[in-house]
Amino acid sequence: MSLNIVLAILVTSLATYISRFLGVITSNKIKENSKIFRWFNCLAYSTLSALLARIIIFPAGALAEVDYFIRFIVVFICLIIFLISKKNFVYPTVLSALFLYLLSSNF
Amino acid sequence: MINTKYFLKGYVSIKGVDSPAIALAASFIAIGALFKTIGLNIQESIFSTFLTYALPGSLIMAESLIVGASLLNIFLAVWLVNARLYPMTVSLFPLLMHKSQPKLKYYLACHFIAVSAWLIMKENYKAVERKYRLDFWIGVGAANLSVAVSATAFGFFIADHLNKDMMIGLAIVNPVYFTCVMVGAMKTIQMSLAVILGSLLGIVFYFVSPEWCILLGGFTAGTFAFFIGESSVT
């Protein structure tokens, strides 16, 4: 294994683990029926949504090569499928790859 | 050490219809293929998924390796994008706390915090006896991590057969899955506001700072949602 890559992997894991570790320390002092727990719950969902919005609107990697409009259409259609299929997760996820594959290879 | 019955119950919970397994596999297949393309070998690829097990961080590492970023840069960029794991841990682990469980087990089990396992646990914790929730959680986490590691290896081996459009197709699966999950989670005013404001402010703050937009947007949106939600209840 090349040293650079191994170091990069270790640094990445450490940077990721820190947040989990600090989370456990904080959890020791928080009661599940407290206001601060509910606040953290809001923070967890809002940061996840912020991350998702960023990935969809300003993506890195392969997604960046698809037009913004196409990405948006695919997510929108899949969300509609999710809602009309009584919140089935399998249809929208499987179809999303197919839609984007078809749209990005034809436009 | 670990209660086998609850561990296995947690492990098989990944089979449900609302399971993140498909989304998780699709995105880690893409990561495995990307790792091969940028020159990692199979051991390094598996090692990376096993140790990091958080997709946006792995993506940043891959991009940093391509441009030759310094280790300090990698550390900061990954920390910023994965800092969301902190509120995620704090909004889950108090539910798993029990005095009979050794402290060290929590510090090891927190490695499994990633959005996929976290969501399964948030949906199912009430059905599990408090004393064994941590064992159940370790099962859920181990199942998700096994999917992630196997998918990385699979992606690595089929990398040469994946063209650009297929990679793009794989990359959208995870965001679409989680968009559906977030919309599904909008059951109260507080949760709906957290999700809607989070998405909007995440984008708004991107124009202020692309690195800090997730944290700043998430923090502002979550805090607003909390206060508005609390005041609407009382």
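For the structure, check the block above.
Given the structure is predicted, the values throughout are model-derived calculations rather than measurements.

Cut-off values and rules
- Here the residue numbers are simple positions, counted from 1 along each chain's written sequence.
- By the order in which they are written, chains take letters starting at A while ligands take numbers starting at 1.
- With pLDDT at 70 or above as the cut-off, local features in this predicted model cover only qualifying residues; side-chain atom pairs require 80 or more to be listed or tallied, and sums for whole chains, interfaces and linings still use all residues.
- Each side-chain value is derived from all of the structure's non-hydrogen atoms; neither hydrogens nor water enter the calculation.
- Only Phe, Tyr and Trp rings are paired, with Trp represented by its six-membered ring, and only when their centres lie within 6.5 Å; those with planes under 30 degrees apart are stacked, over 60 edge-to-face, the remainder tilted.
- Going along the chain from the N terminus, every DSSP run of H or I of four or more residues is numbered as a helix, and every run of E of two or more is numbered as a strand.
- Partly exposed describes any residue whose relative accessible area lies between the buried limit of under 20% and the exposed limit of over 50%, with all areas from a 1.4 Å probe on protein chains only and scaled to the type maximum.
- A contact between two residues is defined here by any heavy atoms of the two lying within 4.5 Å.
- Put simply, buried area is the surface a 1.4 Å probe can reach on two separate parts but cannot reach once they are joined, added for both.
- For this analysis, a salt bridge means a side-chain nitrogen from Lys or Arg found within 4 Å of a carboxyl oxygen belonging to Asp or Glu.
- What qualifies as a polar contact is a pair of N or O atoms within 3.5 Å, subject to a donor-acceptor requirement within protein and to the restriction that residues adjacent in sequence count only when both atoms come from side chains.
- Under the scheme applied here, ten amino acids are nonpolar (Ala, Val, Leu, Ile, Met, Phe, Trp, Tyr, Cys and Pro), four are charged (Asp, Glu, Lys and Arg), and all others, including Gly, are polar.
- By arc we mean the arc of the directions from the helix axis to the C-beta atoms, nothing more.
- Think of each axis as a best-fit line through the C-alpha atoms, taken over the contacting stretch in the case of a helix, with angles from 0 to 180 degrees between the N-to-C directions.
- Crossing handedness follows the turn of the near helix against the far one: under a right angle anticlockwise gives a left-handed crossing, and clockwise gives a right-handed one.

> So, the packing of aromatic side chains: which residues are in play, and what are the values?
Counted by the stated rule, this structure contains 19 aromatic pairs over all chains. Measuring from centroid to centroid gives 5.3 Å for Phe89(A) and Tyr177(B), while their planes differ by 50°, and the two rings are tilted. Remark: Tyr177(B) occurs in helix α10 (residues 164-184) and Phe89(A) occurs in the loop between α3 (68-84) and α4 (90-106); the pair is interchain, linking two chains. Each member of the pair Phe89(A) and Tyr177(B) is classed as buried. Considering the side-chain rings of Phe7(B) and Tyr11(B), the 6.0 Å spacing of their centres and the 35° angle between planes classify their relative orientation as tilted. Of this pair, Phe7(B) and Tyr11(B) both sit in helix α1 (residues 4-12), four residues apart, which is roughly one turn of that helix.

> Can you explain the interface of chain B and chain A? Please cite residues and give values.
Counting from both sides, the interface comprises 96 residues of chain B and, opposite them, 75 residues of chain A. Overall, the association of chain B and chain A removes approximately 7,600 Å² of surface from exposure, summing both partners, and the carbon and sulfur fraction of that is 77%. For the pair chain B and chain A, the number of links is three salt bridges. Note that Lys164(B) is salt-bridged to Glu65(A), the shortest N-O span being 3.7 Å. Counting the contacts that link chain B with chain A gives 15 residue pairs in polar contact (both at pLDDT 80 or more). Broken down by element, the side of chain B that touches chain A gets its largest block of residues, 19 residues, from α10(B). Among the residues making up the side of chain B that touches chain A, the classes are represented as 64 nonpolar, 21 polar and 11 charged.

> Describe helix α3 (residues 42-52) of chain B, naming the residues involved and giving the relevant values.
Residue and element names in this part refer to chain B. When we look at burial in α3, the residues that qualify are Glu 44, Ser 45, Ser 48, Thr 49 and Thr 52. Taken end-on, α3 shows its buried residues confined to a sector of 130°, consistent with a single buried face. Two or three places before Gln 43, at the start of α3, stands the capping residue Asn 41, its side-chain oxygen 3.2 Å from that residue's backbone nitrogen. Phi turns positive one or two residues past the end of α3, at Tyr 53, with a value near 50°.

> Let's hear about the packing of helix α1 (residues 3-27) of chain A against helix α4 (residues 55-67) of chain B: which residues, and what values?
In the contact formed by α1(A) and α4(B), the axes pass within 10 Å of each other and the chain directions differ by 150°. The handedness of the crossing between α1(A) and α4(B) is right-handed. For the pair α1(A) and α4(B), the contacting residues are Ala8(A), Ile9(A) and Thr12(A) in the first and Gly57(B), Met61(B) and Leu65(B) in the second. In terms of residue class, the contact of α1(A) with α4(B) is made up of four nonpolar, two polar and no charged.

Nothing here speaks to function; it is all geometry.
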